Amino acid sequence: MKQERIRDSIEQLNRDMSEKSLEGHWNLGLEDLPPYPVTSVQPCLWRWEDVHESMIRAGEVVNLEQDAERRTIRLLNPGIPGGHGTTHTIHFSFQYVKHGEYARAHRHTAAAFRFVLQGRGAYTMVNGQQCVMEEGDLILTPQLTWHDHVNDSGKPIIWLDGLDIPLTQALHQLFFEPYHQEQQALETTSDEVAGFYSHARPALEPPKQFFHYKWADTERSLERLRRNGSGRDPYDGYLLEFLNPVTGGPTMPTIQCAVQLLEPGQETLAHRHTSTVIYHVYRGEGTSIIGGQVFQWRQGDSFVVPLWNQHAHANTSPDTDAILLSMSDAPVVKALDLYREAS
Ligand code: GTQ
Ligand code: FE2
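Calculation notes
- Sequence order as written defines residue numbering, which begins from 1 separately in each chain.
- Chains carry letters from A onward and ligands carry numbers from 1 onward, assigned in written order.
- Residue-level local features of this predicted model are given only where pLDDT is at least 70; pairs of side-chain atoms are given and counted only at 80 or more, and the full residue set underlies all totals for whole chains, interfaces and linings.
- To obtain the side-chain values, all non-hydrogen atoms of the structure were used and water was disregarded.
- Whether a residue is near a molecule or strand depends on its heavy atoms: it is near if one of them lies within 4 Å of it.
- As used in this structure description, the phrase polar contact means that two N or O atoms lie within 3.5 Å; if the pair is within protein, one of them must be able to donate a hydrogen and the other to accept it, and residues adjacent in sequence are counted only when both atoms belong to side chains.
- The accessible surface values rely on the Shrake-Rupley method and a 1.4 Å probe; as for residues, cover is taken only from the protein chains in view.
- Elements are defined by DSSP. Helices are runs of H or I of four residues or more, strands are runs of E of two residues or more, and each kind is numbered from the N terminus.
- Residue type decides the class: Asp, Glu, Lys and Arg count as charged, Ala, Val, Leu, Ile, Met, Phe, Trp, Tyr, Cys and Pro as nonpolar, and the leftover types, Gly among them, as polar.
- We define a nonpolar core as any set of buried Ala, Val, Leu, Ile, Met, Phe, Trp, Tyr and Cys residues linked to one another through side-chain atoms lying within 4.5 Å.
- Classification of residues uses two cut-offs on accessible area relative to the type maximum, computed with a 1.4 Å probe and protein chains only: under 20% is buried, over 50% is exposed, and between them is partly exposed.
- Contacts were defined at the residue level, with two residues in contact if any of their heavy atoms lie within 4.5 Å.
- Counted as coordinating are nitrogen, oxygen and sulfur atoms within 2.8 Å of the metal, or 3.2 Å for Na, K and Ca, while water is not included, which may make sites look incomplete.
- Centres within 6.5 Å make a pair out of two Phe, Tyr or Trp rings, where for Trp the six-membered ring is used; the pair is then stacked when the planes are under 30 degrees apart, edge-to-face when over 60, and tilted otherwise.
- By definition here, a helix of n residues has an expected span of 1.5 Å times n minus one.
- The directions from the helix axis to the C-beta atoms are what the arc is built from.
- Salt bridge, as used here, is a side-chain nitrogen of Lys or Arg placed within 4 Å of a carboxyl oxygen of Asp or Glu.

### Re the site of ligand 1
Arg70, Thr72, Ser93, Gln95, His106, His108, Arg114, His147, His149, Asp161 and Leu163 make up every residue found near ligand 1. One of the side-chain nitrogen or oxygen atoms of Arg70 is found 2.8 Å away from an oxygen atom of ligand 1. Between His106 and ligand 1, the recorded distance is 2.9 Å, taken from a side-chain N or O atom to an oxygen atom. Bound to the protein, ligand 1 loses 90% of the 290 Å² it would expose on its own. Of all the elements in the fold, those that place two or more residues in the shell around ligand 1 are strand S3 (91-97), strand S4 (102-108), strand S9 (147-150) and strand S10 (157-163). Residue classes in the shell around ligand 1 are distributed as one nonpolar, seven polar and three charged.

Now the structure itself:
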């Protein structure tokens, strides 16, 4: 006998559909979405003393041969679900390599840069190109370039690493390969390809592989910006972006690196944008207001400006420049036509 069909309902439909791995748009609650971007990433600041203390202890207890591929300490944002990232797109870590140690050669799809904080004379080898580190140098290890770090400089070295791991992971593109040797053989040095970038020498053909921005060049360019009054951005002070000389585009496809200089007493105007930025205080001291919270910073501290958080920076010193290093996911946000700014 034919069973009589009871009247259908949304609840009954939802139950039947979920058994077939289907879902109705009526369950998504889109009316709750605000008309501006929202992030769980929180504005926050990490003190150099805390990073440094952990790093020195890690130098004692973490053995680079046995315990870890790298001796790095990552900044964690309390607003990241799962608790593993500095922001939803980018990781910020500090790496410590003592004299006589090396971090073995490998490559991965995540792009990275290093910014040298303390020490000199150690080197990163990128695709056979030796980049000897000095304080303030920026060294790129772009997507799938082989890299190892060697310290035979006679003293420890500390740099900061920025990587696009969360972004690469979100796209399910994260993978890793060890090199067939612990260290790469030297094929060339970054000095040999520097001619294109250096101000001292005439421009040569752009190198196919450019990885190393020397601090001396960066500092000279910052000074030139400062002398030329129009180099002053109302929201960022004297802002110098590290363009990629090979592509003419951003530092790397997923990461834009920059340094910005604030003169003694200089205050920026507040604005916001849909890219997320992580800052490291390379020199000086000051204050940033981020999403209504006040953060006081000095040399060695790091902080996050999450997307669409209104922010302004100030150099609070009466006599010393402040220099901030920053990395942002702006190239990705812009490539997807999602970049917006407002003041
Ligand atoms: O130096 O190659 O902070 O592979 C994380 C992953 C540094 C590195 C990090 C890495 C590296
Ligand atoms: Fe790596």
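Back to the text.
### Brief notes about the nonpolar core
Of all hydrophobic cores here, the largest spans 39 residues; its most connected members are Phe94, Phe113, Phe115, Leu117, Leu138, Leu160 and Val259. Excluding residues that lie within four positions of it along the chain, Leu117 makes contacts with Trp48, Phe94, Glu135, Ile158, Trp159, Leu160, His280 and Tyr282.

### With respect to the coordination of the iron ion (ligand 2)
Coordination of the iron ion (ligand 2) by the protein is provided by His106 (NE2), His108 (NE2) and His147 (NE2), with metal-donor distances spanning 2.1 Å. One chain supplies every donor to the iron ion (ligand 2), and in sequence these donors are spaced H-x1-H-x38-H. Placement of His106 in strand S4 and of His147 in strand S9 is noted, with a sequence separation of 41 residues between them. Accessibility classification places His106 together with His147 in one group, the buried group.

### Examining the environment of Ile73
Tracing the backbone shows Ile73 in strand S2 (residues 72-74). C-alpha separation for the pair Ile73 and Asp32, spaced 41 residues apart in sequence, amounts to 37 Å. Not counting chain neighbours up to four residues away, the residues in contact with Ile73 comprise Val51, Ser54, Met55, Ala58, Phe92, Ser93 and Phe94.

### Notes on the packing of aromatic side chains
Think of a pair of aromatic rings as described by two things: how far the centres are apart, and how the planes are tilted against each other in angle. Across all of its chains, the model carries nine aromatic pairs by this definition. Relative to Tyr282, the ring of Phe115 lies with its centre 5.0 Å away and its plane at 80 degrees, an arrangement referred to as edge-to-face. Taken together, the residues Phe115 in strand S5 (residues 112-118) and Tyr282 in strand S18 (residues 277-283) connect sequence positions 167 residues apart. Ring geometry for Phe210 against Tyr213: centres 4.9 Å apart, planes inclined by 80 degrees, an arrangement best described as edge-to-face. Its relative accessible area of 0% is what places Tyr213 among the buried residues. Here the aromatic cluster, defined as three or more aromatic residues joined through ring pairs, consists of Trp48, Phe92 and Phe94.

### Examining the environment of Tyr238
Structurally, Tyr238 is set in strand S15 (residues 237-241). Using a relative accessible area of 4% as the deciding quantity, one classes Tyr238 as buried. Put simply, Tyr238 and Leu225 are 13 residues apart on the chain and 6.5 Å apart in space, counted from C-alpha to C-alpha.

### Digging into helix H2 (residues 48-61)
Over its 14 residues, H2 runs 20 Å from end to end, which matches the ideal 20 Å to within 8%, given 1.5 Å per residue. Of the residues making up H2, those classed as buried are Trp48, Val51, Met55, Ala58 and Gly59. Down the axis of H2, the buried set is contained in an arc of 105 degrees. They therefore lie on one face. The exposed residues of H2 that point more than 90 degrees off its buried face are Asp50, Arg57, Glu60 and Val61. Elements that come into contact with the buried residues of H2 comprise strand S1 (44-46), S2, S3, S5 and S10.

### A few points about the pattern of salt bridges
Any two side chains of opposite charge can pair, on the condition that their charged atoms come close. Using the criterion set out here, one finds 16 salt bridges in the structure. Notably, a salt bridge pairs Arg71 with Glu101, separated by 2.8 Å at the nearest N-O pair. Residue Arg71 is found in the loop between H2 and S2, and its partner Glu101 is found in the loop between S3 and S4; the two are separated by 30 residues along the sequence. Note on accessibility: Arg71 and Glu101 belong to one class, buried. For the salt bridge of Asp161 with Arg114, the shortest nitrogen-to-oxygen distance reads 2.5 Å. Placement of Asp161 in strand S10 and of Arg114 in strand S5 is noted, with a sequence separation of 47 residues between them. Here Asp161 and Arg114 have matching classes, each one buried. It is possible to trace a salt-bridge network through shared partners that takes in Glu223, Arg226, Arg232, Glu263 and Asp321.

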